[in-house]
Amino acid sequence: MKSPPSIDLHGRTYEVPREPTVVICVDGFDPEYLLQGIGAGIIPHLASFVNNGFHIMAHSCMPSFTNPNNVSIITGSPPAVHGIAGNFFLDNDTGEEKMVTDDTLLRGDTILQMMAQRGVRVAAITAKDKLRRILSHGLQGTGAICFSSEFAGSCTLEEHGIENVEMWLGRKAPPQYSGDLSLYVLDAGIKLLAEDRADLFYLTLSDYIQHKHAPNSPEANTFFKALDERVGRLVELGAVVAVTGDHGMSDKCDDPGNPNILFLEDVLSSKWGPRSARVICPITDPFVRHHGALGSFVRVHVKEKAHVGDMIELCKTLPQVELALDACEAAKLFELPLDREGDFVVVSTKNSVIGSCEIEHDLSTVKDHRLRSHGGLSEQEIPLLLSRPPRNLGLVEKHGRWKNYDVFDLALNWAS
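Residues numbered from 1 in each chain as written. Predicted model: local features only at pLDDT ≥ 70, side-chain atom pairs only at ≥ 80, totals over all residues. Heavy atoms only, no water.

The name given to the protein chain in an unreviewed UniProt entry is Phosphonoacetate hydrolase, with the source organism recorded as Pseudopithomyces chartarum.

Asks: Describe in detail the sheet that holds strand 14 (residues 297-302), supporting the description with residues and values.
Replies: Taking strand neighbours across the sheet as the criterion, the four strands line up as 13-14-16-15 in an open arrangement whose pairing is antiparallel. Taken across any chain shown, the strands that pair with only one partner, and hence form the sheet edges, are strand 13 (277-280) and strand 15 (321-326). On average, each strand axis in the sheet is inclined to that of its neighbour by 20 degrees, with strand direction left out of account. With four bridges connecting them, strand 13 and strand 14 associate as antiparallel partners. By the bridge assignment for strand 14, Ile280 is matched with Arg299. Its contacts with the sheet place helix 12 (residues 264-272) against strand 13, strand 14 and strand 16 (344-348), and it is angled at close to 170 degrees to strand 13. With respect to the sheet, helix 13 (residues 308-316) is in contact with strand 13, strand 14, strand 15 and strand 16, its orientation differing from that of strand 15 by roughly 165 degrees. (Pairing = 2+ DSSP bridges. Helix = DSSP H or I, 4+ residues; strand = E, 2+ residues; numbered from the N terminus. Axes fitted to C-alpha atoms, helices over the stretch in contact; angles between N-to-C directions. Contact = heavy atoms within 4.5 Å.)

Asks: Explain the side chain of Lys403 to me, using residue names and the numbers behind them.
Replies: Inspection of the secondary structure assignment puts Lys403 in the loop between helix 15 (393-397) and helix 16 (407-414). Ignoring sequence-local partners within four residues, the contact set of Lys403 consists of Ala58, His59, Glu335 and Leu384.

Asks: Break down the pairing of strand 7 (residues 122-126) for me, with residues and values.
Replies: Of all five residues in strand 7, five are buried, a share of seventy percent or more. Side chains of strand 7 alternate between two faces, with Val122, Ala124 and Thr126 and Ala123 and Ile125 buried alike. Pairing between strand 7 and strand 9 (residues 200-204): five bridges, direction parallel. Among the inter-strand pairings, Thr126 is bridged to a residue of strand 9, identified as Thr204. Taken together, the four bridges between strand 7 and strand 8 (residues 145-148) define a ladder with parallel strand orientation. Bridged to Ala123 within strand 8 is Ile145. As for the winding sense of the linkage, the β-α-β connection from strand 7 through helix 6 (residues 129-135) to strand 8 is right-handed. (Buried < 20%, exposed > 50% of the residue type's maximum accessible area, 1.4 Å probe, protein only. Right-handed = clockwise from strand over helix to strand, strands pointing away.)

What follows is the structure in C-alpha cells.
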C-alpha cells in the first residue's frame, strides 16, 4: 500500500492532511479553564474531546511566553532549534534592545510553509499582527491565507492571500484589548472552512481575558463558552480539530491583591552600581496593557562578567526567585539557543513576577484587576486535545512527555 504524501521537518514526518485539519492555540490556556469549564457544563465540545477524543496535560517550552511557543508549535521543535526565545531581547552583537515582530530571527522552515509548498491550502490566522509576521514565514507566493484579526481591515491579496476581510466576515475588526479579538480568529477559520478555502488551519488567539479574569469568573466563562461553541462548529463542518495552548496563567498577587513584583535590576544596581546589569523582560510585546510587561522569566546581561556568579548567588536568596541559572545551564535545561541568551536567567516563583526597574513598568494599567501572568515553570502545563480518538492509542500512550509543539504531529499523524 502506498504511503500518504508527507513532509519532513526537524526530524519528524508529517502526513499531508487527508481531510480538513484545524490546530488551535488558545493563548493562556491554563488547565484550570478547561477543568472549571467542564465542571460548570459550559464547554460541552471541549468536554467531548476529553471524554471521546484524546486529552493529556502537556508542557509548553520555556520561557512560557507567546512567541517561543507559537513558533515551537509551527516548527514542531524547541527554541534551541528555531531560534526564537522571547517576545523581546537584547542583541548581544549590537547591545540594542529589540522587540520580535517578524520572522527575522527564525531559523529553518515551518510546518505551514512546507505544507503550502507541498500544495496544501494553508490558512494561518492570529489575533496579533506581530505574530502574523512570524507565521507568514515562507508563505509568500504559495497561495496561503495569513492575516491577523488586529489588522483585518487592511488585508491585501498580495500580502495576506485575502482582502476585504471585514466585509467578507460581516463585522469590523475588534478592539486590540478584547476577548473578541480571539473569537474573530475562530469566526474567520469557520468561514474559510465552510467555503472550502483551506485544508490546514492554524488559529492562534490572544490571552487578554486570561490575564484579567480567573477561571470560573463570569468573564472567563462567557469567553470560553463562546470559544467552545466555535470549536463545535469546526467539528460540525467535518474538520479534525486539535487544541492546545502556548502557556498557562497564574495569579501574581499577595493576599490583599497587590502585585508581587521583584524589580531585579533595581536590586542588582543597589549592590553593584547603576547600569551594572540590564534585566530584559521577554514578555514585553505591543500588548502590555494587561500585564505591565511583568512575567516570570527574565534575562540578565552583566557589564562586568566577573560579577555574574555573585549576582546569581544573590538572586537565589530572593524570596520571589525559583531558579537562577547561568546561560549554559539555562540553554541546556530549557532547550534554548545559547547564542541568544543573557549572562544568566532568573525564573520567579508561581505567585510572583520579575521586572527590570520599577520606573520602567506602568502599573496603572493593571490596577483594575489582580495581576495574572506567565513565563515560568508554573505556567508550563497546558491541555492538549484532539476531537477524535487516535488511530493507535497504545503508541500514543508510549509517546512520553507531551509538549504543546506535538500538536501538529497529533492532528496530522494520529487522528482516526
